[in-house]
Amino acid sequence: MKKLSILLIFSFIIIACGSDDDNNTPTEVAVNLRFSQIFDELTVTSLNLSSTVYVNEMNQELTISRLRYLVSRLVLTNSNGDSFLLSPYHLVDLSNSETLNLNTNLTIPEGDYTLSFVYGFNEEDNQNGAYADLNAVSWNWPEMLGGGYHFLQMDGQYNINTEPAPFNFHNGTARVSEGVFEQNFVVFNLPNTLTVSENSTINIQMNIAEWFRNPNTWDLNVFNTPLMPNYEAQKLMQQNAASVFSASVE
Amino acid sequence: MFIKLTYCLLFSLLFISCSSSDNDKYVATPLELEVPEIFSQYLIAPVIPTNNPQTVEGVALGRKLFFDPILSGNGTQACADCHRPQNAFSDPRQFSLGIDGIAGFRNSMPLQNLAWNFNEKFNWDGSAPTLEDQIFEPVTNPIEMNNTWPQAEASLKNHSEYPQLFKEAFEGAPIDSVLVTKAIAQFLRTLISGNSRFDRYLLGENILTPQELNGINVFMSEDLGDCFHCHGNPFNPLWTDNTFHNNGLDEFFADLGLGNVTGDPRDNGKFKAPSLRNLLYTSPYMHDGRFETLDEVINHYSEGLVFSETIDPLMKAVAQGGVQLSEEDKADLKAFLLSLSDPGFINNPDFQNPN
């Protein structure tokens, strides 16, 4: 008897779902994200860290030994104006392959979307010590520089074939003067349509070369380290951030 | 009335069935880690393996084993001989001596807040994937306790107290090396340090001197000490990033460190960034104990950096030898670093020799 009732309940559920399908409600599909990095035509993975030599816009030869960056408020929006929050924030660490994929546990209707996200944290989200997982990996940005969190850490050596010297391309809140700070995040509303279907993965790609050229040509002989307290360097990074990200569906 | 009676009967039945199964199986007493307020406020949960939960009996057994020379080949050396409570469980000697008087080649690491080593990979070179794995090694290392596990297990089985203590801690499982490492690991996870002057300052319970306050400023300034990228910050109160760095000690490596473990030449010369807690008690410093004093350590980062291929780019101004701190900033930085020392940790009665 009990089994029968359960069976009946399930049948109702199935019928209910089925009738939705008849009304052309699209299938719900899982959303998976992937974060990949390139230096123009070269793919950059953890295997390339500290070994592959890249050439920037100024013809400076460099290696990258650490690359971590934060994106937040990742949202997909469809033409009906329905929005789906994929993740409140995500830290990518090139040396940790687990961080290069993000299974959102979210299902959304199949169809066309655009992607928006924040590079770094916006002012509301960028609170001192607010995220235990980010604290645990020392992602904090010093309070005297405005606090909150780093947005980017790219460390390496430049002039690698002549006189190697370190650069620490770290980005976060900009300090104008003592106690005066300027927000430095970038909101991305990527214009291209992402068609999401079963088993598709959205690939968010960073072209590292863009950090060194667009619109500001980056001279590592001038801006290498320390850059965090350097207001001008912080704003140049923010401007160059605007072209580093793109997204596609795989 | 009838309803009440029925409930009563039902509950009695439940009670009887529960208690009968309880009688069948002894269970060791679960023990929560005492997480410092500053950790629970800012950090993710500590790492406790599901196959080795903390228990009162397990911790007590681990403590007894840690201080007992019974695990060594000739019964003369305990873990605590090279991990001394008064030295934050490190060794004041540059290199510890094994039971045959043979010296090691790295300085004994302090043992503190080990459950917050989120990436695990214990030891200076990351050679032990877990804390339990780490404990296997010194017992059989010929230049340390130089024993064999069968012999160590036999000594424990023939002892007047240990068989009962193992029974209570591990619910009757037979004594073996795995249980020894589990018990000691449970004790080590209780070695928690989170009550330094600086911790109390963060909690608003304490004030710091102007010198200490300038010291944290030097620590947190990228254009001064820039210590925080590897050594934590007020919101990462472990004072380590738990990862591996080449901090510019040598041009050529006598000891490859992490590189020797991974086989990846990009890891050569990298060692675990140690926590800055309890520096007052943990001299000498660096993986090879080359620096006797904190002044030498600070001078290293200020003027003594040496370039090598795998040097961490966070070692700035390496061409000039380092960040060139003023004498005043050095003194202030040192004052701040010492405020991370925690006398309540080294003197905690629960962490002393019970034997």
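Every chain is numbered independently, its residues counted from 1 as its sequence is written. Each chain takes a letter, starting from A, and each ligand takes a number, starting from 1, following the order in which they are written. Local features are withheld for residues below a pLDDT of 70 in this predicted model, meaning they are given only at 70 or higher, and side-chain atom pairs are given and counted only at 80 or more; totals for whole chains, interfaces and linings count all residues.

**Student:** Please set out the overall build of chain B residue by residue, giving values where relevant.
**Tutor:** A tally of regular secondary structure across chain B gives 15 helices and 2 strands. When the backbone C-alpha atoms are referred to their principal axes, chain B occupies close to 85 × 55 × 35 Å. Here the C-beta atoms are placed from the backbone, and a residue counts as buried if at least 20 other C-beta atoms lie within 10 Å of its own, exposed if 12 or fewer do, and partly exposed otherwise. In chain B, which comprises 355 residues, the proportion classed as buried is 46%. Long-range contacts, defined as pairs at least 24 residues apart, comprise 68% of the intrachain contacts of chain B with a sequence gap of at least 6. Secondary structure is summarised from DSSP: a helix means a run of H or I of at least four residues, a strand means a run of E of at least two, and numbering begins at the N terminus for each. Distance between backbone-placed C-beta atoms decides contact: two residues are in contact if it is within 7 Å.

**Student:** Describe the overall build of chain A, listing the residues and the values that go with them.
**Tutor:** Regarding its fold elements, chain A presents 3 helices and 15 strands. For the C-alpha atoms alone, the extent of chain A along its principal axes is close to 80 × 40 × 35 Å. Counting every position in chain A, which comprises 250 residues, the buried fraction comes to 38%. Contacts in chain A between residues far apart in sequence, at least 24 positions, make up 72% of those at least 6 positions apart.

**Student:** For unusual backbone geometry, give the residues involved together with the corresponding values.
**Tutor:** A cis geometry characterises the amide bond from N214(A) onward to P215(A), with omega recorded as 0°. Among the structural elements, P215(A) can be located in the loop between β14 (201-207) and α3 (231-241). Look at the link from S283(B) to P284(B): it is a cis peptide, with omega at 0°. With phi around 50°, D40(A) is a residue other than glycine that occupies positive phi space. Even without glycine at this site, W239(B) takes up a positive phi of about 60°. Among the residues examined, W239(B) registers 27 C-beta atoms within 10 Å and is labelled buried.

**Student:** Quick one: what's the story with the domain arrangement of chain B, residue by residue and with numbers?
**Tutor:** All names here are of chain B. Segment limits for the domains were obtained from an automatic or database-derived domain assignment. With domains assigned, chain B is organised as domain 1 (37-193) and domain 2 (197-344). In this structure, domain 1 and domain 2 have C-alpha centres spaced 26 Å apart. Listed as interface residues are 27 residues of domain 1 and, on the opposing side, 29 residues of domain 2. In this count, Pro and Cys sit with the nonpolar residues alongside Ala, Val, Leu, Ile, Met, Phe, Trp and Tyr, while Asp, Glu, Lys and Arg are called charged and the others, Gly among them, polar. Looking at the side of domain 1 that touches domain 2, its residues break down into 12 nonpolar, 12 polar and 3 charged.

**Student:** Report on the packing of helix α3 (residues 56-66) of chain B against helix α8 (residues 177-189) of chain B, specifying residues and quantitative values.
**Tutor:** All names here are of chain B. In this analysis, axes come from line fits to C-alpha atoms, helices being fitted only over the stretch in contact, and the angle between any two N-to-C directions falls in the range 0 to 180 degrees. Viewed as axis vectors pointing N to C, α3 and α8 meet at an angle of 100°, and their least axial separation amounts to 7 Å. Classified by the angle their axes make, α3 and α8 are roughly perpendicular. Residue-level inspection shows G58, V59, L61, G62, R63, L65 and F66 of α3 in contact with α8, the latter providing V180, K182, A183, I184, A185, Q186 and F187. In terms of residue class, the contact of α3 with α8 is built from 9 nonpolar, 3 polar and 2 charged. These descriptions rest on fixed angle ranges, namely under 35 degrees for roughly parallel, over 145 for roughly antiparallel, 65 to 115 for roughly perpendicular, and the rest for oblique.

**Student:** Which residues make up the nonpolar core, and what are the values?
**Tutor:** Buried together is how nonpolar side chains tend to be arranged in soluble globular proteins. One finds Y119(A), F166(B), A183(B), I184(B), L188(B) and F219(B) to be the most contacted residues of the largest nonpolar core, which totals 135 residues. When residues in this core are grouped by element, the largest group, 8 residues, is from strand β4 (residues 61-78) of chain A. Both of domain 1 (37-193) and domain 2 (197-344) of chain B provide at least three residues apiece to this core. Discounting residues that sit within four places of it in the chain, A183(B) has contacts with G58(B), L61(B), G62(B), L65(B) and A169(B). Remark: nonpolar core denotes a set of buried Ala, Val, Leu, Ile, Met, Phe, Trp, Tyr and Cys residues whose joining runs through C-beta atoms within 7 Å.

**Student:** Pulling in residues and values, what's your account of the interface of chain A and chain B?
**Tutor:** Interfaces are often sized by the amount of accessible area the parts lose when they come together. Contacts between chain A and chain B engage 25 residues on the former and 24 residues on the latter. When contributions to the side of chain A that touches chain B are tallied by element, the ones reaching two or more residues are α2 (132-136), β8 (152-158) and β9 (165-171) of chain A. Tallied by class, the residues present in the side of chain A that touches chain B amount to 11 nonpolar, 12 polar and 2 charged.

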